[in-house]
Amino acid sequence: MAQKLRWGVLGCARIAVTRVIPAILNSQRGELVAVASRGEEKARETAGRLGIPKAYGSYEALLEDSDIDAVYIPLPNHLHREWTIRAARAGKHVLCEKPLALTAAEAEEMVRVCADAGVHLAEAFMYRHHPRIARIRQILASGEIGELRAIRGVFTFNRPEDKGNVRFVADYGGGSIYDVGCYPISASRWITGREPVAVTAHAFFSPEHDNVDMAASGLVEYEGGVALTFFCGMWAEPQQTLEIIGSRGMIQVPVAFVSGPDDAGFRVVTDGRERFEPAEGVDIYAAEADDFARVVFGETPPLFPPEDAVKNMRVLEAALRSAKERKRIEL
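Quick notes on the rules
- Residues numbered from 1 in each chain as written.
- Predicted model: local features only at pLDDT ≥ 70, side-chain atom pairs only at ≥ 80, totals over all residues.
- Heavy atoms only, no water.
- Buried < 20%, exposed > 50% of the residue type's maximum accessible area, 1.4 Å probe, protein only.
- Helix = DSSP H or I, 4+ residues; strand = E, 2+ residues; numbered from the N terminus.
- Pairing = 2+ DSSP bridges.
- Expected span 1.5 Å × (residues − 1).
- Bend = angle between axes of the 7 residues up to and from the residue.
- Contact = heavy atoms within 4.5 Å.
- Axes fitted to C-alpha atoms, helices over the stretch in contact; angles between N-to-C directions.
- Parallel < 35°, antiparallel > 145°, perpendicular 65-115°, else oblique.
- Left-handed = near helix turned anticlockwise from the far one by under 90°.
- Nonpolar A, V, L, I, M, F, W, Y, C, P; charged D, E, K, R; others polar.
- Phe/Tyr/Trp six-rings, centres within 6.5 Å; stacked < 30°, edge-to-face > 60°.

Draft legend 1. Local environment of the pairing of strand β9 (residues 212–221). In terms of burial, β9 is a largely internal element, eight of the ten residues being buried. For strand β8 (residues 198–206) and β9, the ladder comprises nine bridges, and the chain directions are antiparallel. Following the sheet pairing, alanine 203 is matched in β9 by alanine 216. Two successive antiparallel strands, β9 and strand β10 (residues 227–233), enclose a turn made up of five residues, where glycine 224 displays a positive phi of approximately 85 degrees.

Printed below as a string of structure tokens:
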């Protein structure tokens, strides 16, 4: 029987309860040992409802549990640095929600501390663990759509009435660029295989939502005339699309980032002829957990090294600064 990674979860956030905890429970290489909350009652309720053996009323108590190998951190963005570092120093491997930190400098520190502690650190971009990503890479490498010309990405949802949402708190690292703009930006970096040279962004900062960017449009420039144009939003019609445009064709992914069992396929257009590429319907969160376990057990290198999160954070920082200062930011 394959070795299983023993997980603890720091916090009872919606993403943890509805997506990641069920995924770890259903994964091939993961075992869920404990969940922690700031209050023991909430931790016990969550553990009881989801069938988790242990519940802790503090994050510190969970980190002291020697039965736990790795932790998943779904806490608000401003807490990522602190609890990643504390987990690493407790000898736990860390899967941390995106964005990894509030700044690239914070992310660099997190990567360094985890390396010094000998633990694996990964940013929770679950979409990158879908098998279709390998297929898209293969099509790009084959030259079927010609030379890369442009990338378009959109990720939006519509929940402005949820005034208590931590995404709407500026000091917590709220805003659409950090929350969903990070997806098309990260995608453009692995598609090009390069780092951007400049970013320009324009945003709608909402006084009703602590003046965070509730929607933003941007241009991420790469060398060779290639660019990502993106739109992200938390107060806009829901959409999550990715288009990769070449000199001979394009790849269109209609459900690009949070796909389910029936909507993972995509279209390829070459010289005016279109075909549909079916893609296996998988639980991308379970795939993420299984890939994480394989890295921890030394069976495979990470799909994206921890340093990738630092590079993505530099672009996110630049996009938010550009939107606030209304100017192009060179990287």
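Draft legend 2. Seen up close, the environment of proline 131. In this structure, proline 131 sits in the loop between β6 (121–123) and α6 (132–142). For the pair proline 131 and phenylalanine 157, spaced 26 residues apart in sequence, the C-alpha to C-alpha distance is 25 Å.

Draft legend 3. Broad picture of helix α1 (residues 14–26). Relative to the 18 Å expected for 13 residues at 1.5 Å per residue, α1 spans 18 Å between its end C-alpha atoms, a close match to the ideal helical length. The sharpest bend along α1 reaches about 35 degrees and sits at valine 20, with the proline proline 22 one to four residues further on. Every buried residue of α1 is listed here: Ala16, Val17, Val20, Ile21, Ala23 and Ile24. Of the surrounding elements, those touching the buried residues of α1 are β1 (5–10), β2 (30–36), α2 (40–50), β4 (70–73) and α8 (284–296).

Draft legend 4. Local environment of the packing of α1 against α2. As a packed pair, α1 and α2 sit with axes 12 Å apart at the nearest point and diverge in direction by 50 degrees. With respect to each other, α1 and α2 are oriented oblique. Crossing geometry of α1 relative to α2 is assigned as right-handed. Across the interface between the two elements, Val17, Ile21 and Leu25 of α1 pack against Thr46, Arg49 and Leu50 of α2. Its residues assigned to classes, the contact of α1 with α2 comprises four nonpolar, one polar and one charged.

Draft legend 5. Up close: the pairing of β8. Hairpin connection of β8 to β9: five residues between the antiparallel strands, including aspartate 210 at a positive phi of 60 degrees. Note: β8 against strand β15 (residues 329–330), two bridges, orientation antiparallel. From the neighbouring strand, alanine 198 faces β15, where its bridge partner is glutamate 330.

Draft legend 6. Layout of the packing of aromatic side chains. In the structure shown here, the tally under the stated rule is ten aromatic pairs. When the centroid spacing of 5.1 Å and the interplanar angle of 80 degrees are considered together, the rings of tyrosine 59 and tryptophan 83 count as edge-to-face. Placement of tyrosine 59 in helix α3 (residues 59–63) and of tryptophan 83 in helix α4 (residues 80–89) is noted, with a sequence separation of 24 residues between them. Each member of the pair, tyrosine 59 as well as tryptophan 83, is classed as buried. When the ring of tyrosine 127 is compared with that of tyrosine 183, the centres are 5.8 Å apart and the planes differ by 50 degrees; the resulting orientation is tilted. On the criterion of sequence distance, the pair formed by tyrosine 127 in the loop between β6 and α6 and tyrosine 183 in helix α7 (residues 176–192) is long-range, its members being 56 residues apart. The buried category is assigned to tyrosine 127, whose relative accessible area is 3%. On the accessibility criterion, tyrosine 183 (5% relative accessible area) is buried.

Draft legend 7. Local environment of the sheet that holds β15. Spatial strand order, β14-β13-β12-β11-β7-β10-β9-β8-β15: nine strands in an open sheet with mixed pairing. Sheet topology places β14 (273–277) and β15 at the edges, where each strand pairs with a single neighbour. In this fold helix α9 (residues 307–325) packs onto β8, β9 and β15, with an angle of close to 60 degrees to the strand it touches most, β8.

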